[in-house]
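The chain contents come next:
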Amino acid sequence: MPGGELLYPSPQHQPATPPQQAHPTIITTATSELLEDETWVWSQIKAEARRDAESEPALASYLYSTILSHSSLERSLSFHLGNKLCSSTLLSTLLYDLFLNSFSTDSDLRSATVADLRAVRARDPACVSYSHCLLNYKGFLACQAHRVAHKLWIESRRPLALALHSRIADVFAVDIHPAAKIGKGILFDHATGVVVGETAVIGNNVSILHHVTLGGTGKSGGDRHPKISDGVLIGAGATILGNIKIGEGAKIGAGSVVLIDVPARTTAVGNPARLVGGKEKPSRHEDVPGESMDHTSFISEWSDYII
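The structure displayed is predicted, hence computed values, not measured ones.

Quick notes on the rules
Residues numbered from 1 in each chain as written. Predicted model: local features only at pLDDT ≥ 70, side-chain atom pairs only at ≥ 80, totals over all residues. Heavy atoms only, no water. Axes fitted to C-alpha atoms, helices over the stretch in contact; angles between N-to-C directions. Helix = DSSP H or I, 4+ residues; strand = E, 2+ residues; numbered from the N terminus. Parallel < 35°, antiparallel > 145°, perpendicular 65-115°, else oblique. Left-handed = near helix turned anticlockwise from the far one by under 90°. Contact = heavy atoms within 4.5 Å. Nonpolar A, V, L, I, M, F, W, Y, C, P; charged D, E, K, R; others polar. pLDDT = per-residue confidence, 0-100. Buried < 20%, exposed > 50% of the residue type's maximum accessible area, 1.4 Å probe, protein only. Salt bridge = Lys/Arg side-chain N within 4 Å of Asp/Glu carboxyl O. Expected span 1.5 Å × (residues − 1). Core = buried A, V, L, I, M, F, W, Y, C linked by side-chain atoms within 4.5 Å. Domains from an automatic or database assignment. Polar contact = N/O pair within 3.5 Å; in protein donor to acceptor, adjacent residues only side chain to side chain. Pairing = 2+ DSSP bridges.

1. Overview of the packing of helix H5 (residues 107–123) against helix H7 (residues 138–154)
So, step 1. Contact pair H5 / H7: the axes reach a minimum separation of 11 Å and the direction vectors enclose 165 degrees. Taken together, the axis directions place H5 and H7 in an arrangement best described as roughly antiparallel. Here the hand of the crossing between H5 and H7 comes out right-handed. For the pair H5 and H7, contact is made by Leu109, Ala112, Thr113, Asp116 and Leu117 and by Phe140, Cys143, Gln144, Arg147, Val148 and Lys151, respectively.
So, step 2. Of the residues belonging to the contact of H5 with H7, the class tally is 6 nonpolar, 2 polar and 3 charged.

Here it is, written out as structure tokens:
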């Protein structure tokens, strides 16, 4: 291998044998479509890695060990996360086994990973390729690691879930409690400083920018964190507190502080947040802001902001 000793554990390292299934796997139409989508995305990632290795030889060893030497997306992702999150006491080989066993035995996790890759590639103009997202987007990586931590949490392996949560926060500066529920097609754009509380729920096709807080309002226990519906866009620095609902396709402006429910297809802006168009007849939009990433179309209607 060029470039001296490889600083990563061997990608040939195998996970512990997963438990035997009680029934044979039934290949459904949905399963077939998932496998086809995974295969296509993985082929794109490998093609991009080969191109980048040829154009930038300094990255050849890195791209080989993280992508090109692996037979599947889940193996590559597990290897990469294991190396990112390991420490002197939480070994990369242990994490590789943990991640690979989770991804390889749970089709929902793999489906979410592919949906997240597609979301980042489609919504972020700074994302130049699927491999760029897989290797370098800490919001994507933190989300995939969280999915495994959440799986551990619901399987009552909570000490390990909390240990993984701590490493995710240390390495990626993204603090998502392992009990929080997150859907598919998620974009954590930049992601630094994102905080998601224990009882928070995030739906599908949601986009969240950096320094967003989905938090509680005190020290009372129970269901105390926001519920974010499908297709929501939350701008940078927004704070959403309490067991409140952000309706489907709503938009939360950057820097807003939201303490009460926001209706579907409306825009909330300011501190304290108020609805564009007023509380009685708020303006409604037809697009899905979590997918369109439209942050500013409301400004002319909301204010007389002029430079």
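2. Here we look at the confidence of the model for the protein chain
So, step 1. For the protein chain, per-residue confidence averages 90 on the pLDDT scale, and 88% of positions sit at 70 or higher.
So, step 2. In this model, residues 1–24 is a region of pLDDT below 50 whose contacts with residues beyond four sequence positions or in other chains number 32 contacts.

3. Remarks on the environment of alanine 191
So, step 1. By the secondary structure assignment, alanine 191 is in the loop between strand S3 (187–189) and strand S4 (195–196).
So, step 2. Its relative accessible area of 0% is what places alanine 191 among the buried residues.
So, step 3. Along the backbone, alanine 191 and tyrosine 137 are 54 residues apart, and their C-alpha atoms lie at a distance of 8.8 Å.
So, step 4. Dropping the residues within four chain positions of it, alanine 191 is found in contact with Lys138, Gly139, Ala173, Val174 and His210.

4. Considerations on the pattern of salt bridges
So, step 1. Tallying each qualifying case throughout the model produces 10 salt bridges.
So, step 2. Here aspartate 37 and arginine 118 are joined by a salt bridge, their closest N and O atoms 2.6 Å apart. One end of the pair, aspartate 37, is in helix H1 (residues 29–55); the other, arginine 118, is in helix H5, with 81 residues separating them in the sequence.
So, step 3. Looking at aspartate 37, the relative accessible area reads 24%, which means it is partly exposed.
So, step 4. We classify arginine 118 as partly exposed; its relative accessible area is 32%.
So, step 5. For glutamate 198, the salt bridge goes to arginine 224, with nearest N and O atoms at 2.8 Å. Remark: arginine 224 occurs in the loop between strand S7 (213–215) and strand S8 (227–228) and glutamate 198 occurs in the loop between S4 and strand S5 (201–202); sequence separation between them is 26 residues.
So, step 6. Since its relative accessible area comes to 24%, arginine 224 is described here as partly exposed.
So, step 7. A network of salt bridges, in which partner residues are shared, links Asp106, Lys151 and Glu155.

5. A closer look at helix H4 (residues 92–105)
So, step 1. The end-to-end C-alpha separation of H4 is 20 Å, in line with the 20 Å expected for 14 residues at 1.5 Å each.
So, step 2. Looking at the buried residues of H4, the elements they touch are helix H3 (73–85), H5, H7 and helix H8 (158–172).

6. So, H3
So, step 1. Spanning 13 residues, H3 covers 18 Å between terminal C-alpha atoms, matching the ideal 18 Å at 1.5 Å per step.
So, step 2. Counting buried residues in H3 gives 11 out of 13 residues, a clear majority hidden from the surface.
So, step 3. Within the sequence span of H3, burial applies to Leu73, Glu74, Arg75, Ser76, Leu77, Ser78, Phe79, His80, Leu81, Gly82 and Leu85.

7. Considering unusual backbone geometry
So, step 1. Following asparagine 271, the chain continues to proline 272 via a peptide bond in cis, the omega torsion being -5 degrees.
So, step 2. Relative to the helices and strands, proline 272 resides in the loop between strand S14 (267–269) and strand S15 (274–275).
So, step 3. Positioned with a positive phi, asparagine 205 is a non-glycine residue whose angle comes to about 55 degrees.
So, step 4. Inspection of the secondary structure puts asparagine 205 in the loop between S5 and strand S6 (207–209).
So, step 5. Using a relative accessible area of 28% as the deciding quantity, one classes asparagine 205 as partly exposed.

8. Some remarks on the nonpolar core
A general trend in soluble globular proteins is that nonpolar side chains are found buried together.
So, step 1. Counting 72 residues, the largest nonpolar core has Leu164, Phe188, Ile202, Ile234 and Ile246 as its most contacted members.
So, step 2. The greatest single-element share of this core, amounting to 9 residues, is contributed by H7.
So, step 3. Each of domain 1 (38–174) and domain 2 (180–306) gives at least three residues to this core.
So, step 4. In this structure, isoleucine 202 is in contact with Lys181, Ile182, Gly183, Ile186, Phe188, Val196, Ile208, Leu214 and Ile228, ignoring residues within four places of it in sequence.

9. Section: the environment of serine 76
So, step 1. Within the secondary structure, serine 76 is located in helix H3.
So, step 2. Considering only alpha carbons, one finds serine 76 and leucine 135, 59 residues apart in sequence, at a separation of 9.7 Å.
So, step 3. Those residues in contact with serine 76 that lie beyond four places of it in its chain are Trp42, Thr66, Ile67, His70 and Leu134.
So, step 4. Polar side-chain contacts of serine 76 include one of 2.5 Å to the backbone oxygen of threonine 66.

10. Looking at the sheet that holds S7
So, step 1. The parallel open sheet is built from 5 strands, whose spatial order is S1-S4-S7-S10-S13. Bordering the open sheet on either side are strand S1 (175–176) and strand S13 (257–258), each of which pairs with just one other strand.
So, step 2. Sheet analysis places S4 next to S7, joined by 2 bridges and oriented parallel. Bridge assignment links valine 195 to a residue of S7, and that residue is threonine 213.

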